[in-house]
Amino acid sequence: MSVVLPPNVSEKDFQKALAAFAGVVGRQWVLATDEDRDSYMDIYAPGDADQHIPSAAVGPSSAEEIQAIVRIANEYKVPLWPISRGKNLGYGAAAPRMTGTVVLDLGRMKRIIDVNERFGYCLIEPGVGFFDLFDYLQQNKIRLWMSIPANAWGSVVGNALERGYGYTPYGDNTSHICGMEVVLANGEMVRTGTGAMSNSPCWQLFKYGYGPSWDQLFCQSNFGVVTKMGLWLMPEPEATLGLDMQLPNPDDVGWAIDALQPLRLNGVLLQNPSIGNSLRFVASATQRSQWYQGEGALPDDVLAEILKKSGFGWWNISLRLYGYDEVNQVHARIVKDAFAPHTKQEFKVSEWHRGDSIENSGAGVPSVNPLQIINWRGGRGGHIGFSPTLPAKGDLVLKQFHSTKKRYEEIGVDYYGSFTLFDRYTTNVNMMIYDRDDAALTRKVRDLFKVLVADAAKEGYSEYRTHISYMDDVARTFDFNDHALLRLNERLKDALDPNGILAPGKQGIWPKAYRASQA
Ligand code: ADP
């Protein structure tokens, strides 16, 4: 058995720390064999898994155990990487940013502590998965809907902390967080918002509390370990109405964004629709070799043939209206009127009413089927995504789309993109699918990623979330006043976590212990 050590920690001290962790959680929940470590590596890594090797993992069952672990970690200066379920596929999965970090796996903490139908919220622990919460709501006939991301294998808390999103009106999960319990780097436990009053009935109702509001400071950060989260859930609507259309031309995405954004802003559209290119659908049902065996990016004429045979459009739009049936009907007419000047096509309409099967409701039913896309190139597949945000404006969207597609073609990766429309901005998810055993292809993907970060930065765009390998690159693009924001984050980090034990390097925030050697 080999040993991987955190930087600047002797093997003797590391073994002492592991023994002390075992004293807290029990020996079976300290995982430090080669096989254990392998299971916490980035299973989708684009050829760089060896940059993020955990030294061990430890699995507490309660917030009190986390407090004890954090205190031991301070004593031995052993860094910890908290994960909720570790299914952060495409962003590093369960692996830590820095080799030698111990993964703090909260997957055993799976309590659904409270669900309140009247006020539309849940209070849950980090190990609760989307499937768990969905089953709980269904089994208890609770008329609340969750918002579920494409890969529903992960944790509700983990996804909201990372600003993942789904496609219902509550799709922007992070903005629906209301109240957290957090273990800080010194082992102290805090509750945010009105949870800071020990008898508050408003912890999951009123976000702000009094004074500075902290929930968002624990999102995409390394300032604490979140042990409970309040999350608002959406009341089941009376009806939903789906509007689907397939757009035949690459440039159709421009006018579609311009037609939809005002309706998203004024509330006709309450959800964040995604406009995706066909590869998204084709790759989940077929493999590339069925269509094309050549090198380089999939040529446009092959794509045209695929579209003809599969029936998909160049872009595919799926809109969904939620609420009262009569209102949905009026809103559907408004959406159709907005599209009429641009296309002769009609929307495909689907309707759902309370009492019908939830499958076609637009409620979001957990699934892992979208992960099928990783089989596109064959072999042991993987994907990463470069996802900048930009103003939701047709001309800017087209410029971004064309420059990105050109980069895919120059470097030789199949273009796979989508634009998710929020009220004022759009998130442009650019997926790169590879066979992890194809070293040449994974190198191309790594090159492409770096080029896309640099291109986007020139336009003033940056990612909403990124893979552990690119956290520093993306952090560096936030350059105003010589990176003043990064310095602020570092000052906060040093004040809260002087020994640098929580998630060193996450989002480019390095504690002072590693700043010189790693950043
Ligand atoms: P999921 O299983 O939903 O994909 P993960 O558990 O992999 O999510 O979490 C994604 C990332 O979010 C982790 O790598 C970590 O940086 C952060 N994170 C997750 N859970 C917590 C938590 N409870 N406290 C602090 N950070 C967390």
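Residues numbered from 1 in each chain as written. Predicted model: local features only at pLDDT ≥ 70, side-chain atom pairs only at ≥ 80, totals over all residues. Heavy atoms only, no water.

### Here we look at the sheet that holds strand 8 (residues 177-183)
Okay, so step 1: Taken in spatial order, the 5 strands make up an open sheet running 5-6-10-8-9, and their pairing is antiparallel. The open sheet has two free edges, formed respectively by strand 5 (112-116) and strand 9 (189-191), since each of these has just one partner strand. Sheet twist, expressed as the mean angle between neighbouring strand axes with direction ignored, is 10°.
Okay, so step 2: As paired elements, strand 8 and strand 9 share 3 bridges and run antiparallel to each other. Bridged to Val 182 within strand 9 is Val 190.
Okay, so step 3: Strands strand 8, strand 9 and strand 10 (225-232) of the sheet are contacted by helix 3 (residues 63-76), whose axis makes an angle of about 50° with strand 8.
Okay, so step 4: Sheet strands in contact with helix 4 (residues 130-139) are strand 5 and strand 6 (121-124), and its direction is about 50° off that of strand 5. (Pairing = 2+ DSSP bridges. Helix = DSSP H or I, 4+ residues; strand = E, 2+ residues; numbered from the N terminus. Axes fitted to C-alpha atoms, helices over the stretch in contact; angles between N-to-C directions. Contact = heavy atoms within 4.5 Å.)

### Regarding the site of the ligand
Okay, so step 1: Taken together, the neighbourhood of the ligand is formed by 20 residues, with Ser 84, Arg 85, Lys 87, Ser 155 and Val 226 sitting nearest.
Okay, so step 2: Gly 86 is positioned such that a nitrogen or oxygen atom in its backbone is 2.9 Å from an oxygen atom of the ligand.
Okay, so step 3: Ser 155 places a polar main-chain atom, nitrogen or oxygen, 2.7 Å from an oxygen atom of the ligand.
Okay, so step 4: With the chains in place, 96% of the 550 Å² that the ligand exposes on its own is no longer accessible.
Okay, so step 5: Residue assignment for the shell around the ligand shows that the elements contributing at least two residues are strand 3 (80-83), helix 5 (156-161) and strand 10.
Okay, so step 6: Grouping the amino acids of the shell around the ligand by side-chain chemistry returns 8 nonpolar, 8 polar and 4 charged.
Okay, so step 7: Split by domain, the residues of the shell around the ligand number at least three in each of domain 1 (11-105) and domain 2 (112-235). (Near = heavy atom within 4 Å. Polar contact = N/O pair within 3.5 Å; in protein donor to acceptor, adjacent residues only side chain to side chain. Areas by Shrake-Rupley, 256 points an atom, 1.4 Å probe, with all protein chains shown as cover. Nonpolar A, V, L, I, M, F, W, Y, C, P; charged D, E, K, R; others polar. Domains from an automatic or database assignment.)

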